[in-house]
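Commentary on secondary and tertiary structure
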Amino acid sequence: MIRRKRPVAGACALLAALTAGLAFPAGAAAGEPTGRDAPKVNLLLDVSGSMRAEDIDGQSRMAAAKQAFNEVLDATPEEVELGIRTLGANYPGDDRKEGCKDTAQLYPVGPLDRTEAKTAVATLAPTGWTPIGPALLKAADDLEGGDGSKRIVLISDGEDTCAPLDPCEVAREIAAQGIGLTIDTLGLVPNAELSRQLSCIAEATGGTYTSVEHQDELTDRVNELVDRAAEPVVTPVAARGAGSCDEAPVLESGLYTDREEFGQQRWYRVELLSGQELRASVSVAADRAVRPDHGVLLRAVTVHDREIVRGEATGNGRTDVLSTGLRYPKPERDDDDSDKPAAETVCLAVTNSFSADSGVKTTPGLPLELTVDVVDGPDGADDVASFGLGRGWWLLGALVLTGFLAGLVWGWLSRWRVAVWRTN
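For the structure given in this document, a descriptive report is provided here.

1. Concerning the sheet that holds strand β10 (residues 276-285)
- Read from one edge of the open sheet, 5 strands run β7-β8-β15-β10-β13, paired in mixed fashion. Strands with a single pairing partner mark the edges of an open sheet, and in this sheet they are β7 (237-238) and β13 (321-329).

2. Regarding the state of the cysteines
- Scanning all chains against the criterion turns up 3 disulfides.
- Disulfide pairing places C168 opposite C200 at an S-S distance of 1.6 Å. Judged by the torsion about the S-S bond (-50°), the C168/C200 disulfide is left-handed. Of this pair, C168 sits in helix α7 (residues 167-176) while C200 sits in helix α8 (residues 192-204); the two residues are 32 residues apart in sequence, bridging distant segments of the chain.
- On the basis of relative accessibility, which here comes to 4%, the residue C168 falls in the buried class.
- In this structure C200 comes out as buried when scored by relative accessible area, which is 13%.
- Here C245 connects covalently by a disulfide to C347, the sulfurs 1.8 Å from one another. Its torsion about the S-S bond being -65°, the disulfide of C245 and C347 is classed as left-handed. Pair noted here: C245 is in the loop between β7 and β8 (254-260) and C347 is in strand β14 (residues 343-352), with a separation of 102 residues, a long-range link.

3. Here's the deal with the pairing of β8
- Burial analysis of β8 places 6 of its 7 residues in the buried class, the great majority of the element.
- When β7 meets β8, the two strands line up parallel, connected through 2 bridges. When the bridges of β8 are listed, V237 appears paired with Y256.
- Strand direction decides the pairing type here: β8 and strand β15 (residues 366-376), joined by 7 bridges, are antiparallel.

4. Let's talk about a negative patch on the surface
- On the surface, D57, E71, E213, D216, E217 and D220 cluster together into a patch of negative charge.
- Top element by residues in the negative patch is helix α9 (residues 215-230). It accounts for 3 residues.
- If you trace the backbone, E213 turns up in the loop between β6 (209-211) and α9.

5. Things to note about unusual backbone geometry
- Note the cis peptide between T363 and P364, where omega equals -10°.
- Looking at the secondary structure, you find P364 in the loop between β14 and β15.
- Phi at D305 is positive, roughly 70°, even though this residue is not glycine.
- On the secondary structure map, D305 appears in the loop between β11 (294-301) and β12 (307-315).

6. Quick word on the pattern of salt bridges
- Taken as a whole and assessed by the stated rule, the structure comprises 21 salt bridges.
- Among the salt bridges present, the one from E277 reaches R279, with a minimum N-O distance of 2.7 Å. For the pair E277 and R279, one class covers both residues: buried.
- Look at the salt bridges and you will find they share partners, linking E169, R172, R259, D287 and R288 into a network.

Procedures and definitions
Residues numbered from 1 in each chain as written. Predicted model: local features only at pLDDT ≥ 70, side-chain atom pairs only at ≥ 80, totals over all residues. Heavy atoms only, no water. Pairing = 2+ DSSP bridges. Helix = DSSP H or I, 4+ residues; strand = E, 2+ residues; numbered from the N terminus. Disulfide = S-S within 2.5 Å. Buried < 20%, exposed > 50% of the residue type's maximum accessible area, 1.4 Å probe, protein only. Patch = residues over 30% accessible without salt bridge, like charges linked within 9 Å, V, L, I, M, F, W, Y side chains within 5 Å. Areas by Shrake-Rupley, 256 points an atom, 1.4 Å probe, with all protein chains shown as cover. Salt bridge = Lys/Arg side-chain N within 4 Å of Asp/Glu carboxyl O. Lys, Arg positive; Asp, Glu negative; His and termini not counted. Charge placed at Lys NZ, Arg CZ, Asp CG, Glu CD.

Put into structure tokens, the structure is as follows:
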């Protein structure tokens, strides 16, 4: 458990976490919404034998999915490159090894020909197995190249039947590649085990899980996800933290993603000029089963290992993400300080106290997202935090004065009451 050593700095964590996500300066080198390449969406549809079940608005799951796909294809924005991949659509036999290879690109990711895509969807019939893990790997390969947003929308009515290739582990491996790919999942059956597996896949990549039981719900949700892919997004840049500040990568303003193992510490560096302010925040996600009572610590440290400020957060297992932040303003140089360097190297150390029971995989590490924002510092000295209180000194002084006056009044009233009691 990480213990709090600087309560004042910790009190600033909420403010830092909020301010660190503000728009970055024009010169930001990472995490900018580029928009240079078209967004890509790969619809991954389960066509296994269980899709024959007729429990969605009086029709089969397959018929509902086809109708939803046709409406989605009609509504897909022109700028989106869309593809369709199937799993379990071609092999009807009982050979598990062959069934777990059954995934194919029904329509390649690229500029959408609506008529051709609809014709391909019309040929689908429920057939075989449910190789979700292998299909996710192939679907990720379909989206290779380009720096636009990438999204997989997985629609399934059953759990993966090709263990030990765990689809949740596959999703974590995809996320660990740092290619900015998001997997959203939709379940067609209100099943607890299916919900757990699809939720785990989505959470590993920052996606969403939705349970749908009606055809119009399926259509609306897939349309929403395709439209979301067309919206400008900030894509995190992969940054590999080091084991010490000396070897740490130098980061500019931007959004970065990394992986951190249980109990590990990762280091990053930021160059800060006099008169600038560093705002940083970090989020660590528990994308697998972890023990309760854990914490995340973010420290700003000098190159001489002197701590400047820290932010920390603790959790009890009720949330999947822990976030904290910090804020460090570097004052302007005085004339007397002209012999001192204008720039300062600030080392950012991210530490977690997550732990897991035996049997839980420790690799790849937990997803880590780091926001760095270097902005112009406050102009007035009164805007800079003084002993961690800043303008709170005014409030503290008012409270002290109020308490002093209240004590005088209460003492006078007490003496008056005692005098009256003695007289009577």
